[in-house]
Amino acid sequence: MPTSVVLVGFGPVGVRFAEELLPAVEQGRIDLTVVGAESEDPYNRIMIAEYAAGEIAHENLQIADPAELASRGVRVLTGRSATRIHAEDREVELDGGGRIAYDRLVLATGAEANVPTLDGLEQADPAAPGLDVALTDGVCALRSLADAERVKRVVDAGGRVAVLGAGVLGLELALLLADAGAVPQLAHFGPIPMPRQLDRGSARVLVDQLGRAGVTVVPHTRAEAIVTHEVAGRRTFRALVSGDGKRIEADLLVLSCGVRPRTALAEDAGLRTGRGVLVDNRLRSWSDPQIHAIGDVAHVADPAAHLHDREVPGGASGLVGPGWRQAEWLARSMIAELDDRAENDYAEDVPGVVLMKASQVDLVAAGAIPADPFAPVPHGETAPEVAMWADPQHGTYVAMATTDGVLDGFVSVGMPRTAAELSVLYQRRGELPSDRSLLLRLDAVGEQAAPAGGRDQTVCMCNAVTAGAIEDAAREHECTTVEDVGRCTRAGTGCGGCRARIAEMLADMQEQPA
């Protein structure tokens, strides 16, 4: 009898898991059923902002063809939601009735948008479990294709868009909107954007760069309410109002206030959750070893160390790369069990590099930078090792924090090659040169400089694809476009932040003599 696996969630992480199980499905060793709440074909949710801004076509969002998966033996149910887990019977109940039996249940339900409490903002119950809530007309969180279509209509009309929240996604969206001809205003609470990644110096340079790119930044915005007016008989957003009386008028409000894991299904089944479904180093639920979680809904932690903790440290990374690696590991592990083998335990990724994917601004950050490296140090404590360079007039800034010469964290604005070298050193725990200014000179070289780290440099962080793998694909498989490289190596098919770099590499190779 084949092992019955039910996958709940058909986003990028769920699709990757299904693809990795296909060989065993085609061999008749695994019976795989996929339950997806959305009726559309699976799409790359990470790049819907690019679609809304007109940078990519709709067909480039699709990441899987349900008909092809079905032809290879996968049972695909789209537009259906799992409403309850009957763990004692090992069955999943679906909306509209019916149950599906499983030997293994895999939750890849992802995350949903945090919707702030604002006077005047209405939240409807979701149409079906697993879908985002409906909001007042003119307000969205840009989490679905329907949201992207709303944003696209405003962009095409050159309209005004208020973006609430200045994390990396909010900043990327505002820059995309400005580049597409819309009029964005970026409102955020506190004095600086991206407060978890930036210090005051880098934030100052970044805000200047945003202004030059056409983004108006409105700091210290404690959003409290929205103002609406009637359009075609429906209440529609008109303005965002803050606690100090600021009023930001726009044709659309996009909420970029973070996400939280979709754990309702797991919690209803009695599974223990933290910042997601708590799973061990085999990606098994702490509460039921027949149930797994991957992606944004998975909180990997050691139950032996934290079983009795009220607050379990860690949580999902919020990045697609780690989710894909979880999906690949879990599929390998299930196939290994069929062969009476044991896959090595899953190991969490080291917290990675944050890279803003925007053509107008080069921003890269990793680790932690002291908020004020010049602050007095208490007696007996060691002063932080920080090297800094700033040229606000020309939009460049870099700060590096080290311990015994090894990079603990950095932030770089407007210095792409320095940032590339620092990224390599951070990931390898490499030691910086004693003269830090040597790194600054990297951005003085010509535009066709070789990438830091050579062929071993990771170009696509989502899929862990190196420069060498991309070069080999171009030469051996005649890949001439970014899409060709993506089909061959998967590079550029995640967040899209590496697509420009891949295009540069292909152009360089085409210019080289045969």
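Just so it is clear, the structure is predicted and the values come from calculations on it, not from any experiment. (Residues numbered from 1 in each chain as written. Predicted model: local features only at pLDDT ≥ 70, side-chain atom pairs only at ≥ 80, totals over all residues. Heavy atoms only, no water.)

Can you tell me about the overall build of the protein, naming the residues and giving the values?
The number of helices and strands found in the protein is 14 helices and 28 strands. For the protein, the C-alpha atoms occupy an extent of roughly 65 × 60 × 60 Å along the three principal directions. As displayed, the protein has an accessible area near 24,100 Å², and 48% of this comes from carbon and sulfur atoms. Between the centroid of the 47 positive side chains of the protein and the centroid of its 74 negative side chains there is a distance of 2 Å. (Helix = DSSP H or I, 4+ residues; strand = E, 2+ residues; numbered from the N terminus. Areas by Shrake-Rupley, 256 points an atom, 1.4 Å probe, with all protein chains shown as cover. Lys, Arg positive; Asp, Glu negative; His and termini not counted. Charge placed at Lys NZ, Arg CZ, Asp CG, Glu CD.)

Summarise the packing of helix H12 (residues 467-476) against helix H14 (residues 499-511); cite the residues concerned and give the values.
As a packed pair, H12 and H14 sit with axes 11 Å apart at the nearest point and diverge in direction by 50°. One element, H12, and the other, H14, form an angle in the oblique class. Here the hand of the crossing between H12 and H14 comes out right-handed. Note on element contacts: H14 touches H12 through Ile502, Met505, Leu506 and Met509, opposite Ala467, Ile470, Glu471, Ala474 and Arg475. A breakdown of the residues in the contact of H12 with H14 according to their chemical character gives 7 nonpolar, no polar and 2 charged. (Axes fitted to C-alpha atoms, helices over the stretch in contact; angles between N-to-C directions. Parallel < 35°, antiparallel > 145°, perpendicular 65-115°, else oblique. Left-handed = near helix turned anticlockwise from the far one by under 90°. Contact = heavy atoms within 4.5 Å. Nonpolar A, V, L, I, M, F, W, Y, C, P; charged D, E, K, R; others polar.)

An account of the pairing of strand S19 (residues 276-279) is requested, with residue identities and associated values reported.
Judged from the 2 bridges that link them, strand S18 (residues 273-274) and S19 form a sheet pairing that is antiparallel. By the bridge assignment, Thr273 is partnered in S19 with Val277. As consecutive antiparallel partners, S18 and S19 are separated by 1 residue. As defined by bridge partners, S19 adjoins strand S21 (residues 298-300) across 3 bridges and the pair is classed as parallel. In the strand pairing of S21, Leu278 is matched with His299. (Pairing = 2+ DSSP bridges.)

Which residues make up the pattern of salt bridges, and what values go with them?
Applying the stated rule across the entire model yields 35 salt bridges. The salt bridge involving Asp339 is made with Arg29; its shortest N-O contact spans 2.4 Å. Of the two residues, Asp339 sits in the loop between helix H9 (320-338) and strand S22 (354-355) while Arg29 sits in the loop between helix H1 (12-26) and strand S2 (30-36), which places them 310 residues apart along the sequence. Judged by its relative accessible area of 36%, Asp339 is partly exposed. Where Arg99 meets Glu91, a salt bridge forms, and the shortest distance between an N and an O atom there is 2.9 Å. Judged by relative accessible area, Arg99 falls into the partly exposed class, the value being 44%. (Salt bridge = Lys/Arg side-chain N within 4 Å of Asp/Glu carboxyl O. Buried < 20%, exposed > 50% of the residue type's maximum accessible area, 1.4 Å probe, protein only.)

Can you explain the sheet that holds strand S11 (residues 183-187)? Please cite residues and give values.
Pairing is parallel across the open sheet formed by 5 strands, whose spatial order is S9-S16-S10-S11-S12. Bordering the open sheet on either side are strand S9 (139-140) and strand S12 (216-218), each of which pairs with just one other strand. By the bridge criterion, 5 bridges tie strand S10 (residues 160-164) to S11 in an arrangement that is parallel. Bridged to Val161 within S11 is Pro184.

Summarise the sheet that holds S18; cite the residues concerned and give the values.
A sheet is described by the order of its strands in space; here 3 strands give the open sequence S18-S19-S21, paired in mixed fashion. Whereas interior strands pair on both sides, the edge strands pair on one side only; in this sheet they are S18 and S21.

How would you sum up the packing of H1 against H9? Please name residues and give values.
Interaxial distance between H1 and H9 falls to 8 Å at its minimum, and their mutual angle equals 25°. What the angle tells us is that H1 and H9 run roughly parallel. Handedness of the crossing formed by H1 with H9: right-handed. Together, Pro12, Val13, Arg16, Phe17, Glu20, Leu21 and Ala24 of H1 and Val320, Gly323, Trp324, Ala327, Glu328, Leu330, Ala331, Met334 and Ile335 of H9 make up the contact between the two elements. For the contact of H1 with H9, the class distribution of residues is 12 nonpolar, 1 polar and 3 charged.

Let's hear about the layout of surface pockets: which residues, and what values?
A volume near 790 Å³ is recorded for the second largest pocket. Gln62, Ile63, Ala64, Arg487 and Thr493 are, among the 27 residues lining the second largest pocket, the residues nearest its centre. With 5 residues, H1 is the largest single contributor of residues to the lining of the second largest pocket. Within the lining of the second largest pocket, the residues separate by chemical class into 11 nonpolar, 6 polar and 10 charged. (1 Å grid on protein atoms, 1.4 Å probe; cavity = no way out; pocket = protein on both sides within 12 Å on 5 of 7 lines; lining within 4 Å. Points joined across faces, edges and corners; volume = space filled by probe spheres on them.)

Tell me about the state of the cysteines, and name the residues and values.
Within this structure, the stated rule accounts for 0 disulfides. There is no disulfide at Cys460, and the cysteine sulfur nearest it, in Cys498, is 4.0 Å away. Here Cys460 falls in the buried class, since its relative accessible area comes to 2%. (Disulfide = S-S within 2.5 Å.)

Outline helix H10 (residues 416-428), listing residues and values.
Relative to the 18 Å expected for 13 residues at 1.5 Å per residue, H10 spans 18 Å between its end C-alpha atoms, a close match to the ideal helical length. Along H10, the residues that are buried comprise Thr418, Ala419, Leu422, Ser423, Val424, Leu425 and Tyr426. Residues of H10 that are buried in the fold lie against strand S23 (363-367), strand S25 (396-403), strand S26 (406-413) and helix H11 (437-440). Backbone geometry just downstream of H10 places Arg429 in the positive-phi region, at approximately 55°. (Expected span 1.5 Å × (residues − 1).)

Quick rundown of the pairing of strand S1 (residues 3-8)? Include the residues and the values.
The buried fraction of S1 amounts to 5 of the 6 residues, a majority that puts the element mostly inside the structure. Examined bridge by bridge, S1 and S2 share 6 bridges and lie parallel to one another. Residue pairing in the sheet places Thr3 in a bridge with Ile30 of S2. Pairing of S1 with strand S7 (residues 104-107) involves 4 bridges; the strand directions are parallel. Among the inter-strand pairings, Val6 is bridged to a residue of S7, identified as Leu105.

Give a detailed account of the packing of aromatic side chains, specifying residues and quantitative values.
Counted according to the given criterion, the structure contains 2 aromatic pairs. On the numbers, 6.2 Å between centres and 70° between planes, the contact of Trp329 with Tyr346 is edge-to-face. Of this pair, Trp329 sits in helix H9 while Tyr346 sits in the loop between H9 and S22, and the two are 17 residues apart along the sequence. For Tyr346, a relative accessible area of 8% gives the class buried. With centroids separated by 6.5 Å and ring planes inclined at 70°, the aromatic side chains of Phe410 and Tyr426 adopt a geometry described as edge-to-face. Here the residue Phe410 occupies a position in strand S26, and Tyr426 occupies one in helix H10, the gap between them amounting to 16 residues. (Phe/Tyr/Trp six-rings, centres within 6.5 Å; stacked < 30°, edge-to-face > 60°.)

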